[in-house]
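# Reading the structure
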Amino acid sequence: VCTRAARVTTANHELIQQATQCLRLREITLYASRFERPQPPESLNVKGVQQHKRETSYEAVDFRDGDEKRPTLQVMVSLGTRVIEQQKDVEPAVFFFIEADFVVEYEMTGTLDDKAIKAFTDFNSVHNVWPFWRQHVFDIVQRGHLPKLDIPLFSGMKSSTPATTLDAQNRSTS
């Protein structure tokens, strides 16, 4: 039984609806990607904790298309996951991390205030990018022979639940 409810308030829902009517998805681009193993591979034979990162930022710009200016909303969606040592009292060792930045471009067909844009980018932009992010992580995990990671379906919520404990012996080998 799933007991967590989405954290989109009625006010945010209305703002998102406003923005949805004034924006059209144009393009999603992988802007940057990072994968590192700061600890030697043998350190992956311990139990770790998986943590997640999710950030958005945006800018409204005018693109020139010949003589015509096209108002565009550019959204940077930064996502990440890392596996750290399972310790509470000290700065944990990072076994590995995967991060990616995606740029999402929307054509603006109307004017929007910052509250509507912020609500939209925090929910819809991340939602638009999420399938690309999941595939990116799965590809890195497979190619890096890393432990299988949990990148859940997008729920719209920022992760407020405890980090997932990961048994690093469960590695991807296919």
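The paragraphs below set out a description of the structure included in this document. The model shown is predicted, which means the values in this text are computed figures rather than measured ones. (Residues numbered from 1 in each chain as written. Predicted model: local features only at pLDDT ≥ 70, side-chain atom pairs only at ≥ 80, totals over all residues. Heavy atoms only, no water.)

Another point: the nonpolar core. Counting residues in hydrophobic clusters, the biggest one holds 33 residues, and the most contacted among them are Leu23, Ile98 and Trp133. Put simply, the parts of the chain that give this core at least two residues each are helix 1 (10–22), strand 3 (68–85), strand 4 (94–108) and helix 2 (114–143). Residue contacts for Leu23: discarding those within four places in its chain leaves Leu73, Tyr106, Glu107, Met108, Thr109, Leu112 and Phe120. (Core = buried A, V, L, I, M, F, W, Y, C linked by side-chain atoms within 4.5 Å. Buried < 20%, exposed > 50% of the residue type's maximum accessible area, 1.4 Å probe, protein only. Helix = DSSP H or I, 4+ residues; strand = E, 2+ residues; numbered from the N terminus. Contact = heavy atoms within 4.5 Å.)

Within the structure shown, the criterion is met by 1 aromatic pair. Ring geometry for Tyr106 and Phe120: centres 5.0 Å apart, planes at 80°, overall edge-to-face. Pair noted here: Tyr106 is in strand 4 and Phe120 is in helix 2, with a separation of 14 residues, a long-range link. Of the two residues, Tyr106 and Phe120, both sit in the buried class. (Phe/Tyr/Trp six-rings, centres within 6.5 Å; stacked < 30°, edge-to-face > 60°.)

This next bit is on helix 1. With 13 residues, helix 1 should reach 18 Å at 1.5 Å per residue; the first-to-last C-alpha distance of 19 Å fits that figure. Within the span of helix 1, buried status applies to Leu15, Ile16, Ala19 and Cys22. The arc enclosing the buried residues of helix 1, seen along the axis, measures out at 125°, which places them on a common side. Opposite the packed face of helix 1, turned more than 90 degrees from it, sit the exposed residues Thr10, Glu14 and Gln21. Elements in contact with the buried residues of helix 1: strand 1 (23–36), strand 4 and helix 2. (Expected span 1.5 Å × (residues − 1). Arc of directions from axis to C-beta.)

Keep in mind that these numbers describe shape and distance, not what the molecule does.
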